[in-house]
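Below are the chains, spelled out letter by letter.
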Amino acid sequence: MTIPFIDLKRIEPDFMDRWLPIVNDISRNFSFIGGKHVESLEKNLTDWTQTTYAVSCANGTDAIQLALRAAGVQKNDAVLLPDATFWATFEAVVNVGANPYTVAVDVNDGCLDFHAFEKAIEEVKPKAAIVVHLYGWGPARLADIRHLCKTKGVILIEDGAQSFGTTYQGQSIYKEAQISTTSFYPAKVLGAAGDGGAVFTNDSELAAVVRQLSNHGRTSHYGHGLVGWNSRMDSIQAAYVNLSLEYFDARLKSRQQSALRYRELLKQPNLLNICPGSEYIENGYCNVNLAVSNAIRTEIEAQLKLGGIGFGNIYPMAVSDQPGAVPFLGKHIGEKSATDMAERVLNLPLFPYMTEQELLEITSLINKI
């Protein structure tokens, strides 16, 4: 049996029957920018995230840049970010003219290490920090990170590109964030038909600035109070995400069940399954394992290839080790734990509506190695 790492076609039987008429309606009316689909999506997103404001935008990278700009981060300001994240987190800081500083992560959950973060705030005195909710959950000490930033006057931006549908302390992970972001890249738990993103906040002033920046800094059609850029979400993407939200409960439950089954079925002693802390209910974004060594990971990957089973390495290199980081990185604070994690991380297939047979085949193959 061939099992892909991600299967975007694993959707509900009636989804396309409902989607295609929506595309036809948008096309017939030439309503491609703004309008009812964008307005409806933003309202639905506030309900799902338990936030007051949701501003849609063109993609998840823009969402981070918009959040940074709206929060007042300017040229040469110092910004902290975890050393394990997608490159977009780093380049968003660079693209607004700020100076990025990477911080060690905790290999137990792959997220920001609180002690290293505490040290970094004292050492760097940053204007802002980005905490990344990696793998569909967040740091074990998220409440402490939020409190520390508030106490020290550090703006905290929460990159939730992988955590839509995740709960923390019984509520949406976005609810108590000062300002947070997400991505609707198609492979995400809530994906669009192309690129898309959003910024969430409970602060009316931040929301207003984000919205203005995302639309050329407009005060009127030809009036511009700020220098922004074009980061509007188009109607097609908004409509697709809106329709997907109607199926989101079922997709989320399916992903969560598969994530749980991996933990129940995997019995490979040389492969440790990473789990979120007890205060989180994950969204099943991906399965995450750490092999005891790079050699063991390589061996397991070879067997997966022979078995026709897809896999991933999220992420295969620490941010501070990327060649593109060299000209911009202020410094790295803490242990090089992200480098160690990158050398050992292995992700197994996880997408909606995986079958028990697929999960058994994957785990049985690995357990025999």
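Scroll up for the structure.
Notes on the structure in this doc start here. Remember, predicted model here, so these are calculated numbers, not experimental data.

Rules and cut-offs
Residues numbered from 1 in each chain as written. Predicted model: local features only at pLDDT ≥ 70, side-chain atom pairs only at ≥ 80, totals over all residues. Heavy atoms only, no water. Pairing = 2+ DSSP bridges. Helix = DSSP H or I, 4+ residues; strand = E, 2+ residues; numbered from the N terminus. Expected span 1.5 Å × (residues − 1). Buried < 20%, exposed > 50% of the residue type's maximum accessible area, 1.4 Å probe, protein only. Arc of directions from axis to C-beta. Core = buried A, V, L, I, M, F, W, Y, C linked by side-chain atoms within 4.5 Å. Contact = heavy atoms within 4.5 Å. Polar contact = N/O pair within 3.5 Å; in protein donor to acceptor, adjacent residues only side chain to side chain.

In this section: the sheet that holds strand E14 (residues 271-273). Pairing in this open sheet of 3 strands is antiparallel, and the strands run E14-E16-E18 from one edge to the other. The open sheet has two edge strands, E14 and strand E18 (345-346), and neither has a second partner. In terms of strand pairing, strand E16 (residues 289-291) meets E18 through 2 bridges, oriented antiparallel. Following the sheet pairing, leucine 290 is matched in E18 by valine 345.

Another aspect to go through is helix H10 (residues 294-306). An ideal rise of 1.5 Å per residue puts 18 Å on 13 residues; H10 measures up with 19 Å between its terminal C-alpha atoms. Regarding H10, the residues found buried are Ile296, Arg297, Ile300, Glu301 and Leu304. The buried side chains of H10 occupy one side of the element, clustering within an arc of 135° when seen end-on. Seen from the open side of H10, the exposed residues pointing more than 90 degrees away from its buried face are Ala295, Lys305 and Leu306. Downstream of H10 by one or two residues, glycine 308 has phi in the positive range, about 75°.

Looking now at the nonpolar core. Residues Leu45, Leu68, Leu80, Phe117, Ile130 and Tyr135 are the most contacted members of the largest nonpolar core, which totals 90 residues. In this view, tyrosine 135 contacts Asp109, Gly110, Gln162, Asn283, Tyr285, Cys286, Val288, Ile314, Tyr315, Met341, Val345 and Asn347; residues no more than four positions away in its chain are not counted.

Here we come to the environment of threonine 201. Positionally, threonine 201 belongs in strand E11 (residues 197-201). Classification of threonine 201 as buried rests on a relative accessible area of 2%. Threonine 201 sits 158 residues away from lysine 43 along the chain, and the two C-alpha atoms are 13 Å apart. Residues within four places of threonine 201 in sequence aside, it is in contact with Thr51, Thr52, Tyr53, Gln178, Ile179, Leu206 and Ala207. A distance of 2.8 Å separates a polar atom in the side chain of threonine 201 from the backbone oxygen of glutamine 178. A polar contact of 3.1 Å, which involves the side chain of threonine 201, links it to the backbone nitrogen of aspartate 203.

Here serine 320 is to be found in the loop between H10 and strand E17 (332-333). For serine 320, a relative accessible area of 14% gives the class buried. With sequence-adjacent residues up to four places away left out, serine 320 is seen in contact with Asp83, Thr102, Leu329, His332 and Lys336.

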